[in-house]
Amino acid sequence: MEINQENKFKRNLKKFGAVGLGCALVVAFALILAFSISNNVNPVSTTPIEFGLPMNNAEVLKDYSDSRLQHVEGTRKYEIHLSMDFASEDKNVLAVCEGVVSNIDTNTLEGTTVTIEHADGFVSVYASLDENIHVKKGDTVRKGQKIGEASQSSGYESGMERDHLHFTLFKDGVEVDPNNYLDLQSK
Ligand SMILES: [Zn+2]
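Cut-offs used in this document
Residues numbered from 1 in each chain as written. Predicted model: local features only at pLDDT ≥ 70, side-chain atom pairs only at ≥ 80, totals over all residues. Heavy atoms only, no water. Helix = DSSP H or I, 4+ residues; strand = E, 2+ residues; numbered from the N terminus. Buried < 20%, exposed > 50% of the residue type's maximum accessible area, 1.4 Å probe, protein only. Contact = heavy atoms within 4.5 Å. Areas by Shrake-Rupley, 256 points an atom, 1.4 Å probe, with all protein chains shown as cover. Polar contact = N/O pair within 3.5 Å; in protein donor to acceptor, adjacent residues only side chain to side chain. Donors = N, O, S within 2.8 Å, 3.2 Å for Na, K, Ca; no water. Core = buried A, V, L, I, M, F, W, Y, C linked by side-chain atoms within 4.5 Å. Pairing = 2+ DSSP bridges.

Participant: Before we move on, could you go through the overall build of the protein chain and cite the residues and values that matter?
Facilitator: Looking only at helices and strands, one finds one helix and twelve strands in the protein chain. Listing every helix and strand of the protein chain by position from the N terminus yields α-β-β-β-β-β-β-β-β-β-β-β-β. Going through the 187 residues of the protein chain one by one, you find that 33% of them count as buried. A fraction of 63% describes how many contacts in the protein chain between residues 6 or more apart in sequence connect residues 24 or more apart. Roughly 11800 Å² of accessible area belongs to the protein chain as shown, and the carbon and sulfur atoms make up 54% of that amount.

Here's what the structure looks like:
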C-alpha cells in the first residue's frame, strides 16, 4: 500500500515535472521572441533614408518593371527591367545618398558601372556610365556628389542611342522599384 502510494507520487512528480518544464520552455521562448521583436522594430532611433535623384532634370527613358515585359532596344528580346533609365541634358550622374563606393567595373554588357553601399541594406548601382569615373573604390561619397557621366557604354542597351544612366536600387540584395524611394516629382 505504502509502496503503491509512493509510486503514484513519483509518477505524478514526473508528470507535473514534465508540464512544468514545458511551461518554462514556453515562457522562455516567448521572452526570446518578445526581445527579438523589440530589437528589430526600433522606430525611435532610425529615420528613413531620403534619396536624391541620380541626375538633374532627369527624364525617365525606361521605367522599372518587375512583371511587364519590355522591349530591349536594338534587339528582338523582351524582358523585365528591374532598373530605371534616366537621361538629361546635364550628363552628370550623382550619388542618390551618402555611402561608400564598393565597386567600379567596366564590361561590354553594362558599360562602366559604379556600385555604392548605403545604410539600411541599400545599394545603388549606376550603369552605362562614361569610363571617366570621378570616384575611386573605397571612397565615401555624399548625397548629390558627382560620380561620373551618363553615356552609351551599355552594349546591352545600345539601341537606346542616347546617353543615359541605367540605375538599379537594391534593398537587402533585392532590386526594388526606385519609384518608391526616389522623389521623382522633385526634379
Ligand atoms: Zn536600362
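Participant: Report on the side chain of H118, specifying residues and quantitative values.
Facilitator: Topologically, H118 is positioned in the loop between β7 (111-117) and β8 (122-129). Residue class for H118 comes out buried when judged on its relative accessible area of 10%. Separated by 2.8 Å, the side chain of H118 and the backbone oxygen of E98 make a polar contact. Those residues within four positions of H118 in sequence are excluded, and the remaining contacts are V96, C97, E98, G99, V123, S124 and Y126.

Participant: Break down the coordination of the zinc ion for me, citing the residues and quoting the values.
Facilitator: In the first shell of the zinc ion, the protein supplies H81 (NE2), D85 (OD), D85 (OD), E157 (OE), E157 (OE) and H166 (ND1), at 2.0 to 2.7 Å from the metal. In primary-sequence terms, the residues that donate to the zinc ion follow H-x3-D-x71-E-x8-H. Pair noted here: D85 is in strand β4 (residues 84-87) and H166 is in strand β11 (residues 165-171), with a separation of 81 residues, a long-range link. Among the residues examined, H166 registers a relative accessible area of 13% and is labelled buried.

Participant: Please set out the environment of V114 residue by residue, giving values where relevant.
Facilitator: With respect to the helices, strands and loops of the structure, V114 is situated in strand β7. Given the relative accessible area of 0%, V114 is considered buried. The spatial distance from the C-alpha of V114 to the C-alpha of V135 is 8.8 Å, given a sequence separation of 21 residues. With near-sequence residues (within four places) excluded, V114 lies in contact with V101, N103, I104, S124, V125, Y126, L129, I133, V135 and I147.

Participant: Tell me about the nonpolar core, and please be specific about residues and values.
Facilitator: Counting residues in hydrophobic clusters, the biggest one holds 28 residues, and the most contacted among them are F86, V114 and Y126. Of all the elements in the fold, those that place two or more residues in this core are β4, β7, β8 and β11.

Participant: Explain the pairing of β7 residue by residue, including any values.
Facilitator: Counting buried positions over the seven residues of β7 gives six, a clear majority of the element. Counting the residues that bridge the hairpin from strand β6 (residues 99-107) to β7 gives three residues. Where β7 lies against β8, five bridges are found, and the strand directions are antiparallel. Looking across to β8, one finds that T115 is bridged to V125. Counting the residues between successive antiparallel strands, the hairpin from β7 to β8 contains four residues, one of them, D120, with a positive phi of roughly 60°.

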